[in-house]
Amino acid sequence: MAVDKTQVLAALRAVASPRGVPLADANVLSEIMASDGKVFFSINVDANEARAWEDVRAKADAAVRAIPGVTTVMVALTAERKPGAAAAPAPHQHSHGIKPVAQHRPQGAPADSPMSRQVAIPGIGSVIAVASGKGGVGKSTTALNLALALRDLGLRVGLLDADIYGPSVPRLTGVREKPALNDAKKMIPIVRFGLPLMSIGFLVEEETAMVWRGPMVMSAIRQMLWDVAWGELDVLVVDMPPGTGDAQLTLAQQVPLRGVVIVSTPQDLALIDARRGIAMFDKVNVPTLGIVENMSYFQCPECGTRSDIFGHGGARHEAERLKVPFLGEIPLHMAIRTSSDAGTPVVDSEPEGAHAAIYRAIGTEIKRQLAGAAASA
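The written sequence of each chain sets the order in which its residues are numbered from 1. Reporting in this predicted model follows two pLDDT cut-offs: at least 70 for local features of residues, and 80 or more for side-chain atom pairs to be given and counted; totals over whole chains, interfaces and linings ignore these cut-offs and use all residues. To get the side-chain values, all heavy atoms of the structure are used, and hydrogens and water are removed first.

In the nomenclature of an unreviewed UniProt entry, the protein corresponds to Iron-sulfur cluster carrier protein from the organism Candidatus Afipia apatlaquensis. UniProt positions are given in the numbering used here, feature names are shortened, and annotations may be inferred rather than shown by experiment. We quote the UniProt Subunit (unreviewed entry) comment for the protein here in full: "Homodimer." The Function (unreviewed entry) comment attached to the protein in UniProt states, word for word, "Binds and transfers iron-sulfur (Fe-S) clusters to target apoproteins. Can hydrolyze ATP."

Colleague: Can you help me understand the packing of aromatic side chains in this one?
Modeller: Describing an aromatic ring pair means giving the distance of the ring centres and the angle of the ring planes. In this scheme Phe, Tyr and Trp rings, the latter by its six-membered ring, pair at centre separations within 6.5 Å, and the angle between planes marks the pair as stacked below 30 degrees, edge-to-face above 60, and tilted otherwise. One pass over the full model with this rule turns up 0 aromatic pairs. Above the plane of the ring of tyrosine 297 lies arginine 306, whose end atom (NZ or CZ) is 3.9 Å from the centre. Charge over a ring is defined by NZ of Lys or CZ of Arg lying within 6 Å of the ring centre and within 35 degrees of the ring normal.

Colleague: What am I meant to see in the pattern of salt bridges here?
Modeller: Opposite charge on two side chains lets them pair, provided their charged atoms get close. Salt bridges are counted wherever a side-chain nitrogen of Lys or Arg sits within 4 Å of a carboxyl oxygen of Asp or Glu. Under the defined criterion, the tally for this structure stands at 17 salt bridges. Across the salt bridge formed by aspartate 25 and arginine 13, the nearest N and O atoms sit 3.6 Å from each other. With aspartate 25 in the loop between helix H1 (5–12) and strand S1 (33–35) and arginine 13 in the loop between H1 and S1, the pair connects residues that are 12 residues apart, well separated along the chain. Looking at aspartate 25, the relative accessible area reads 45%, which means it is partly exposed. According to the relative accessible area criterion, arginine 13 is partly exposed, its value standing at 44%. Aspartate 234 is paired through a salt bridge with arginine 156; the nearest N and O atoms lie 3.1 Å apart. Secondary structure counts use DSSP, requiring at least four H or I residues in a row for a helix and at least two E residues in a row for a strand, with both numbered from the N terminus. Note on classification: 1.4 Å probe, protein chains only; a residue is buried when its accessible area is under 20% of the maximum for its type, exposed when over 50%, partly exposed between these limits.

Colleague: Is there a simple way to explain the UniProt feature "binding site: ATP" (unreviewed entry) in the protein in this structure?
Modeller: In the UniProt entry, the feature "binding site: ATP" (unreviewed entry) is given for Gly133, Lys134, Gly135, Gly136, Val137, Gly138, Lys139 and Ser140. Checked against the element boundaries, glycine 135 lands in the loop between strand S4 (124–131) and helix H3 (139–152). The partly exposed category is assigned to glycine 135, whose relative accessible area is 39%. Here glycine 136 lies in the loop between S4 and H3. Given a relative accessible area of 71%, glycine 136 falls into the exposed group.

Colleague: It is not clear to me how the packing of helix H7 (residues 268–283) against helix H8 (residues 314–322) should be interpreted in this structure. Could you clarify?
Modeller: How two helices sit against one another is set out by the angle between their axes and by the gap between those axes. The angle between two axes is taken between their N-to-C directions and runs from 0 to 180 degrees, where each axis is a line fitted to C-alpha atoms and a helix contributes only its stretch in contact. At a minimum axis distance of 11 Å, the contact between H7 and H8 shows a crossing angle of 35 degrees. Read as a crossing pair, H7 and H8 show a hand that is right-handed. Seen from H7, the contacting residues are Leu271, Arg275 and Ile278; seen from H8, they are Gly314, Ala315, Glu318, Arg321 and Leu322. Polar here means any residue other than Ala, Val, Leu, Ile, Met, Phe, Trp, Tyr, Cys and Pro, which are nonpolar, and Asp, Glu, Lys and Arg, which are charged; Gly is therefore polar. In terms of residue class, the contact of H7 with H8 is made up of 4 nonpolar, 1 polar and 3 charged. We call a crossing left-handed when the near helix sits turned anticlockwise from the far one by less than a right angle, and right-handed when that turn is clockwise. Any two residues whose heavy atoms approach within 4.5 Å are treated as being in contact.

Colleague: I tried to follow the side chain of arginine 57 on my own but got confused; where do I start?
Modeller: Tracing the chain through its elements places arginine 57 in helix H2 (residues 50–65). Each polar contact in these results corresponds to two N or O atoms within 3.5 Å; when the atoms are within protein, one needs to be able to donate a hydrogen and the other to accept it, and residues that are neighboring in sequence are counted only if both atoms are side-chain atoms. Among the polar contacts made by the side chain of arginine 57, one reaches the side chain of glutamate 54 at a distance of 3.0 Å. Looking at arginine 57, its side chain comes within polar contact range of the main-chain oxygen of valine 75, at 3.2 Å. In this view, arginine 57 contacts Ile43, Val75, Leu77 and Gln223; residues no more than four positions away in its chain are not counted.

Have a look at this one:
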C-alpha cells in the first residue's frame, strides 16, 4: 500500500505541539518525503524549546509508524537559535516560555565548550572517524577495508556510513536489505562480513536526492549513532562525508571520538584539503591517528612498471610536517576498484593478497594507538 504526504499530515494532526496546536498546523514541519513505505521529515524549532519538543518528536514518530504500509520512519528534531536570540536563561532565572533544553556535559567540561554534550554510545569501546578534506580520494573504500582489517586483528567492529548526501557503503558491501526494528524501536544493523553496518543508503533508494539542511543532517547522524542496536563493539568506524562541515562537527561534539584517520591522495590539491580536515578536528580536540596516502602509485599488472599518476610521497611529507603518524600507502589498483564495485571488498575477498596486507598493517597501527589511549584514559 503506497503512503503519501496527505496520509502523513493526517496522522500528525492527532499529535499536539507543546502549545496544544496540531503538529501538522504548527508551522514547524519540513518538506515531507514519503515513498515506498519510507517517510522522512524534520520538526524545526527554536533551540530554547528543544526539550519540550522531544516528546512531540517521539509521538510523531509513533503516529507515522502506525500508518498502514509505512516500513521506515525518520523524524528529526532540529533546533536552531534564531538570529539575534538570547541564550537560554540560567536555571535560577524566571522563564515564561517553554523550558529550555537541558545541558548535559562531561564532568569538568565548561558549559560553553563544544564538547559539553558528548555522550558515549553504550556498548562501544572506541569511535574513530575516517575523513577527508575533499571527495574522490577513496575514503569510503578505505574505511570499509580498514574496518575489515581491524576485524581480522580480533576486534569486534561496526561501520557507520555517515555520508548523508552520498552513501557508499550499500554499494561497497552489496547490501540491498532494509534494517528492521527491535522491541525497543531501535534499528537493527545489517551484518555483512561479520560487521554490523548502518547507512542512510539502507533506508532510501540509491538515486534519491537527499536535499537536507545542516540541522537535519546532524539529527540523522545522531539517530544512526544512538537509535541503532549496535551491541557490544570494540570499535565503531565512522565513514564521514568529505569536507569540514555539519556532519564532522556533530560527531566531534556529540561523541567522544578516540581519533580520526585522514585519507588523501598525493597531489597538492588533495593535501591542502586534508590539512584543513586535520586542523578542524584539532580545534575540537580530536587527535589525528594518522594519514593514509590512497592511490599512491599505479603498478602496471602486465609489465610491472610503476607510475606516480598523482605524484608520490606528498601525504608522508605532510604527516612529517604536521607531526602526525603516516599510516601507509595504498596503490591505485584494478583489484581494489573491481572488488569494491562488486560489493566484495579486497580485505575479505583476497585476504592473503598484498592489498589486504597493506590495510591490515594500517589497522595494526591504529589498534596499537587505541590500546595506548585506552590504557592512559
